Amino acid sequence: MTNIFDFSSLNVSWNEVVSATINTGFAVLVALVLHRVIFAVLKGIATKTSTTADTLLFDRLYQPMRWSFVAVTISLVAESTPLVEMVWDQIARFVVPALLGWVALSIVRAFAAALEIQAETHSDLAAARSRKTRVEILSRVAAFGIVFVTVGLMLLGIPQVRNIGVTLMASAGLAALAVGAAAQPALKSLISGLQMAISEPLRLGDLIVVDGHTGRVEEIRMSFVVMRIWDERAIIVPTSRFFDESFENWSRQSEKLTGPVFLHLDPATEVSPVRKEFIRFVEDHELWDGRTAKLLMTEAYPESIELRLAVSADTIGRLFALRCAVREHMIEWLRENMPDALIRHRLEVEATNPKAAQ
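Concerning the overall build of the protein
Here is step 1 of the chain: On a plain count of helices and strands, the protein comes out with 12 helices and 8 strands.
Here is step 2 of the chain: Evaluated residue by residue, the protein yields a buried proportion of 33% over its 358 residues.
Here is step 3 of the chain: A separation threshold of at least 6 residues defines the contact pool for the protein, and within that pool the share at least 24 residues apart is 67%.
Here is step 4 of the chain: Total accessible area on the protein is roughly 22200 Å²; 62% of this is exposed by carbon and sulfur atoms.

In C-alpha cells, the structure reads:
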C-alpha cells in the first residue's frame, strides 16, 4: 500500500512546515470567528420571526457549518501553500463528502422537525396525524438516501476501492441478480414504507387492532411499525403486514366512535324502565358527546335477553371511560330498583335438601 502522505516529491524545509502550520491555524481561527458571528446574526433574526422553522434550521446547521467553514478556509490556504495542498487533497476526498452529507442530513431533519411542530398545532387531529406520518416516513427515506450516497462518495475516494469497483463491473449482471435476490426483503420494506406515506392506511397516534392486540401507533419505520398496547407493551408489526392482511383502524378519520355495553337480563324484565334510566344517566354524563344513546334488545334466549346499550364520545379514551361508567351504573341501578331482572343461577340448599337444614 502506498503512503497517503508522500513528502518525497517535495523538498520540504522546516520553515515551510512552520509557515504552513501557521497559515492553516490562522485560517481555522478566522473560520471559527466568522462562523460564530454569522450564526449569531442569523439566530438573532430568527428570534424575531413568528415561525420556528428558521430557528430549528440554524440550530441543526450550527455544528456541520462550523466544520464546513473550516474546510473552505483550508482549501483557500491550500491554493497558495503547496504543502497544505498536498495534505489537504488526500483528506478532502473523505472530508468534503462527509460534510456535504452532514449538512444535507441536518437540513432534512430541521425541516422535518419544523413540519411536525406545525402539524401538532393543526386543529384537525386526523390531518395532523396524516402530516406527521408523511413527514416522518419521507424524512427517513431522505436520510437513508443521503447516508448511502455520502458513504459511496467517501469509498470512491479510496483508490483501492475504486479499482475493485471497476473490476466488478465485468460481472455486474450476476452481481445484480445476487444482490437483487438478497435485498428482496429490504426492498419490499422500503416500498411498503413509501406506500405507507402515500396511501396512509394508518398514521402516528392511530388506534389499531392487529392480531387481537389493540394499541396506539407509536412509531412508523421503513420495515416495521411499533404499537403500544394498554399494559405498555410494545408490539412490533412488519410494515408489509398492513398491505398483505386486514387490520382495524379505529381512528382513521376521527376519534369519534360509538361503543356498546351489553346487559344479559332475565326474560321477564321490563325493558322500558331500563331504557329510561339509561337515557337519563347518559344525557347527564360529561363524557357523552350527544350523538348516540340507544338501548335495543338484540337477542332473546330461553333463559335470558341481551340488551345493547350504544353510547358515543368524541375520543376513544372518553368512550372507554363512558362505557365503563354506564356498565357500573346500570348494574347498581338494577340491583337496587329491579333486582328480579338480574339472572341468578344458585342452588337453594335449605329449600331442596331438608337434611342440610338439620
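Observations regarding a nonpolar patch on the surface
Here is step 1 of the chain: There is a patch of nonpolar side chains on the surface, built from Leu29, Val33, Val37, Val41 and Ile45 and spanning about 440 Å² of accessible area.
Here is step 2 of the chain: Position of Ile45 among the secondary structure elements: in helix 1 (residues 14-46).

Re unusual backbone geometry
Here is step 1 of the chain: Of note in the backbone geometry, Asp211 takes a positive phi value of approximately 55 degrees without being a glycine.
Here is step 2 of the chain: By secondary structure assignment, the location of Asp211 is in the loop between strand 1 (207-210) and strand 2 (213-220).

Focus on the confidence of the model for the protein
Residues shown with low pLDDT carry predicted positions that ought not to be read at fine detail.
Here is step 1 of the chain: Averaged over every residue, the pLDDT of the protein is 78; residues scoring 70 or more account for 78%.
Here is step 2 of the chain: Low pLDDT (under 50) marks residues 1-9, which in the prediction has 10 contacts with non-local residues, meaning those over four places away or in another chain.
Here is step 3 of the chain: Here residues 168-177 scores under 50 on pLDDT; set against residues more than four positions off or in separate chains, the count is 0 contacts.

Digging into the sheet that holds strand 5 (residues 248-249)
Here is step 1 of the chain: Strand order in the open sheet formed by 5 strands is 4-3-2-1-5, with antiparallel pairing between adjacent strands. In this open sheet, the two edge strands, each paired with only one partner strand, are strand 4 (234-238) and strand 5.
Here is step 2 of the chain: Looking at chain direction, strand 1 and strand 2 are connected through 4 bridges and run antiparallel. In the sheet register, Leu207 faces strand 2, and the bridge partner there is Arg216.

Remarks on the pattern of salt bridges
Here is step 1 of the chain: Within this structure, the stated rule accounts for 10 salt bridges.
Here is step 2 of the chain: Residue Glu277 is joined to Arg280 by a salt bridge in which the shortest nitrogen-to-oxygen separation is 2.6 Å. Note that Glu277 and Arg280 are positioned in helix 9 (residues 271-283) at a spacing of 3 residues, about one turn of the helix.
Here is step 3 of the chain: We classify Arg280 as partly exposed; its relative accessible area is 40%.

Overview of the sheet that holds strand 6 (residues 257-265)
Here is step 1 of the chain: Read from one edge to the other, the open sheet built from 3 strands follows the order 6-8-7, with strand pairing classed as antiparallel. Two strands lie at the open edges of the sheet, namely strand 6 and strand 7 (293-300), each paired on one side alone. Each strand axis lies, on average, 25 degrees off the axis of its neighbour in the sheet, ignoring direction.
Here is step 2 of the chain: Here 7 bridges tie strand 7 to strand 8 (residues 305-313), and the two strands are oriented antiparallel to one another. Its bridge partner lying in strand 8, Glu299 is registered against Glu306.
Here is step 3 of the chain: Sitting on the sheet, helix 9 is in contact with strand 7 and strand 8, with an inclination near 145 degrees to strand 7.
Here is step 4 of the chain: Where helix 10 (residues 316-337) meets the sheet, it contacts strand 6 and strand 8, and its direction lies at approximately 20 degrees from that of strand 6.

Thoughts on the nonpolar core
Here is step 1 of the chain: Ranked by size, the top nonpolar core spans 26 residues in total, and within it Val274, Phe278, Leu307, Leu309, Val326, Met330 and Leu334 carry the most contacts.
Here is step 2 of the chain: Counting residues per element, this core draws most heavily on helix 10, which supplies 7 residues.
Here is step 3 of the chain: The contact partners of Met330, leaving out residues within four places of it in the chain, are Leu263, Val274, Glu277, Phe278 and Leu309.

Re the packing of aromatic side chains
Here is step 1 of the chain: Evaluated as defined, the whole model comprises 4 aromatic pairs.
Here is step 2 of the chain: Judged by centre distance (6.5 Å) and plane angle (85 degrees), the rings of Phe39 and Phe58 are edge-to-face. Remark: Phe58 occurs in helix 2 (residues 53-80) and Phe39 occurs in helix 1; sequence separation between them is 19 residues.
Here is step 3 of the chain: Judged by its relative accessible area of 5%, Phe39 falls in the buried class.
Here is step 4 of the chain: Measuring from ring centre to ring centre gives 5.5 Å for Phe39 and Tyr62, while their planes differ by 85 degrees; the resulting arrangement is edge-to-face. Taken together, the residues Phe39 in helix 1 and Tyr62 in helix 2 connect sequence positions 23 residues apart.
Here is step 5 of the chain: Judged by relative accessible area, which is 16%, Tyr62 ranks as buried.
Here is step 6 of the chain: If you follow Lys43 out to its NZ or CZ, it ends over the ring of Tyr62, 4.4 Å from the centre.

With respect to helix 9
Here is step 1 of the chain: Over its 13 residues, helix 9 extends 18 Å from the first C-alpha to the last, a length consistent with the 18 Å expected when each residue adds 1.5 Å.
Here is step 2 of the chain: Among all positions in helix 9, only Val271, Val274, Glu277, Phe278, Phe281 and Val282 are buried. The arc enclosing the buried residues of helix 9, seen along the axis, measures out at 135 degrees, which places them on a common side.

Topic: the pairing of strand 2
Here is step 1 of the chain: Between strand 1 and strand 2, which follow one another and run antiparallel, lie 2 residues, and Asp211 among them has a positive phi close to 55 degrees.
Here is step 2 of the chain: With 5 bridges connecting them, strand 2 and strand 3 (residues 224-229) associate as antiparallel partners. Within strand 3, the residue paired with Ile220 across the bridge is Val225.

Thresholds, definitions, all that
Residues numbered from 1 in each chain as written. Predicted model: local features only at pLDDT ≥ 70, side-chain atom pairs only at ≥ 80, totals over all residues. Heavy atoms only, no water. Helix = DSSP H or I, 4+ residues; strand = E, 2+ residues; numbered from the N terminus. Buried < 20%, exposed > 50% of the residue type's maximum accessible area, 1.4 Å probe, protein only. Contact = heavy atoms within 4.5 Å. Areas by Shrake-Rupley, 256 points an atom, 1.4 Å probe, with all protein chains shown as cover. Patch = residues over 30% accessible without salt bridge, like charges linked within 9 Å, V, L, I, M, F, W, Y side chains within 5 Å. Salt bridge = Lys/Arg side-chain N within 4 Å of Asp/Glu carboxyl O. pLDDT = per-residue confidence, 0-100. Pairing = 2+ DSSP bridges. Axes fitted to C-alpha atoms, helices over the stretch in contact; angles between N-to-C directions. Core = buried A, V, L, I, M, F, W, Y, C linked by side-chain atoms within 4.5 Å. Phe/Tyr/Trp six-rings, centres within 6.5 Å; stacked < 30°, edge-to-face > 60°. Lys NZ or Arg CZ within 6 Å of the ring centre and 35° of its normal. Expected span 1.5 Å × (residues − 1). Arc of directions from axis to C-beta.

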